[in-house]
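Observations on chain architecture
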Amino acid sequence: RLLQGALVASVAPDTDRPFGVTTEDGTAWARGTEYMVRKEADHSVAAVLQHEIRVSSRSGQQLDLTEGQAARYDTAGIARLDLSLIHISEPTRRY
């Protein structure tokens with residue numbers, strides 16, 4: 001569970017053990033990928049660096065994102081974002 005800050009994860013595909021980053025706004029599920037999740041005060045942001053992810057909001061909405069795409073999500077839903085407007089945090093540790 002990501003409470004604050006940002007996380008970049010590199011994840012190998014494994015259908016038996018799905019990997020997700022959960023915030024209070026929802027979960028970004030990896031599908032053999034590298035992606036970033038950042039928790040802001042009132043929403044979360046997910047950005048795909050390689051391959052694809054699925055974002056699931058607390059409201060039940062889902063959105064599949066591919067490399068170069070991003071989304072903002074909160075308890076009300078999900079909206080696509082322009083990846084060029086997002087600062088991708090360089091983490092101090094890679095997971």
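Above: the structure in question.
By convention here, each chain's residues receive numbers from 1 onward along its written sequence. Where local features are concerned, this predicted model is filtered to residues with pLDDT of at least 70; where side-chain atom pairs are given and counted, the filter is 80 or more; whole-chain, interface and lining totals use all residues. Values shown for side chains rest on all heavy atoms present in the structure; no hydrogens or waters enter the calculation.

So, about the side chain of Thr 23. A run of H or I in DSSP becomes a helix once it reaches four residues, and a run of E becomes a strand once it reaches two; helices and strands are each numbered from the N terminus. With respect to the secondary-structure elements, Thr 23 resides in strand S2 (residues 20–23). Between buried and exposed lies partly exposed: a residue is buried under 20% and exposed over 50% of the maximum accessible area for its type, with that area taken using a 1.4 Å probe on protein chains only. Note on Thr 23: relative accessible area 0%, which makes it buried. Pairs of residues are marked as contacts when any of their non-hydrogen atoms sit within 4.5 Å. Setting aside chain neighbours within four positions, we find Thr 23 in contact with Arg 1, Leu 2, Val 37, Lys 39, Ser 44, Arg 58 and Tyr 73.

A few words now on the sheet that holds strand S1 (residues 5–11). Should DSSP find at least two bridges between two strands, the strands are taken to pair. Overall, antiparallel pairing links the five strands, which are arranged S1-S4-S5-S8-S9 in an open sheet. Lying at the two open borders of the sheet, with one neighbouring strand each, are S1 and strand S9 (77–81). Averaged over all pairs of adjacent strands, the angle between strand axes in this sheet comes to 20°, irrespective of strand direction. Strand direction decides the pairing type here: strand S5 (residues 44–50) and strand S8 (residues 70–74), joined by four bridges, are antiparallel. Bridging from a neighbouring strand, Ser 44 pairs with Tyr 73 of S8. Axis definition: a line fitted to C-alpha atoms, over the contacting stretch in the case of helices. Angles run 0 to 180 degrees between N-to-C directions.

Quick look at the pairing of S8 now. Of all five residues in S8, four are buried, a share of seventy percent or more. Across five bridges, S8 lies against S9 in antiparallel orientation. Its bridge partner being in S9, Ala 71 is matched across the sheet by Arg 80. Linking two consecutive strands that pair antiparallel, namely S8 and S9, is a turn of two residues.

As judged from the five bridges shared by strand S3 (residues 26–30) and strand S6 (residues 52–57), these two strands associate in the antiparallel manner. Counterpart to Ala 28 in the pairing with S6 is Val 55. Across five bridges, the pairing between S6 and strand S7 (residues 62–66) is antiparallel. Its bridge partner being in S7, Glu 52 is matched across the sheet by Thr 66. Counted between consecutive antiparallel strands, the loop separating S6 from S7 contains four residues, among which Gly 60 sits at a positive phi close to 100°.

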